[in-house]
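Listed here are the chains, written in short residue letters.
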Amino acid sequence: MKKILLVLILTIMGNILAAPILQKGKNVNMTKQMMESEKVEIEKVVQRDTQPFFKFIINIGITQFEKEFEKEAQTEFFDKDYILSDSLKSSVLKDFTKGIKKITFKMFNAELKKINYISNNEAEIIYDIKLKDMDKFIIDIGNNEEIEQRVLKKIGYNSKDELERILKKKGNEEIKKKFYNDLIEEIINTIDKNLENIKSGETIVENISNKIKKVNGKWEIEDLENLTSNFN
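Model, not experiment: these values are computed from the prediction.

Section: the packing of helix α4 (residues 86-104) against helix α8 (residues 173-196)
At a minimum axis separation of 10 Å, α4 and α8 run at an interaxial angle of 15 degrees. Here α8 runs roughly parallel to α4, going by the angle between their axes. Seen from above, α4 lies across α8 with right-handed handedness. Residues L88, V92, D95, F96, G99, I100 and I103 of α4 touch α8, and the partners they reach there are E173, K176, K177, Y180, N181, I184, I187, I188, I191, D192 and L195. Class assignment for the residues of the contact of α4 with α8 results in 11 nonpolar, two polar and five charged.

See the structure below:
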């Protein structure tokens, strides 16, 4: 699993954690307490507004390298002794790719480093893009007993040997399909839960600069296209 996601990350991408630095210009009459309060709101906006761009980049990465991605996935899912139809294999790989698309953007997060207040309602923000530590959330598909037992229970089998006897014989497509559907669901859910608990990671893009303005009492990032250009 780690190799699969590493391939994906390398196609998309081609330090120390620190609190944001607060600076203010001569037109700013905010107290330090007010600046700290605004910082919390700005951090939320940065996290919220960068997520669509992460999804956009992930979708491009998977689409451009889908065949390579699926080739790596085949070695994880399909034992050479399993007898599976080509249509089932294709369906499994498509479902897995779809599931990965839904959660891979969560591997990334924006870390606010600096807020330079130009006025009470305008500031320049500097932030990094980080990739979460893959070693902490990647799971080994072929050697994960918890996932294996949950899937076996769902499809009504008591042992892996009992299931493998079916996977190594012709027919029983519905059972095989249910097994892989449940396996993919468990894998995606497990990765998703692991990702939620990881806050730190490696910096992959540094010092992205955006202007942010307060409009109708709410902060809005003005030039988010700067983020996309850093991935080109």
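Let's talk about the side chain of T50
Tracing the chain through its elements places T50 in helix α2 (residues 32-64). A distance of 3.3 Å separates a polar atom in the side chain of T50 from the backbone oxygen of Q47.

Description of the pattern of salt bridges
Summed over the entire model, instances satisfying the criterion amount to 12 salt bridges. The residue K154 makes a salt bridge to E186 at a minimum N-O spacing of 3.1 Å. Of this pair, K154 sits in helix α6 (residues 145-155) while E186 sits in helix α8, and the two are 32 residues apart along the sequence. The class for E186 is buried, based on a relative accessible area of 9%. Salt bridges linked by common partners bring E146, R150, K154, E185 and E186 together as one network.

Calculation rules
Residues numbered from 1 in each chain as written. Predicted model: local features only at pLDDT ≥ 70, side-chain atom pairs only at ≥ 80, totals over all residues. Heavy atoms only, no water. Axes fitted to C-alpha atoms, helices over the stretch in contact; angles between N-to-C directions. Helix = DSSP H or I, 4+ residues; strand = E, 2+ residues; numbered from the N terminus. Parallel < 35°, antiparallel > 145°, perpendicular 65-115°, else oblique. Left-handed = near helix turned anticlockwise from the far one by under 90°. Contact = heavy atoms within 4.5 Å. Nonpolar A, V, L, I, M, F, W, Y, C, P; charged D, E, K, R; others polar. Polar contact = N/O pair within 3.5 Å; in protein donor to acceptor, adjacent residues only side chain to side chain. Salt bridge = Lys/Arg side-chain N within 4 Å of Asp/Glu carboxyl O. Buried < 20%, exposed > 50% of the residue type's maximum accessible area, 1.4 Å probe, protein only.

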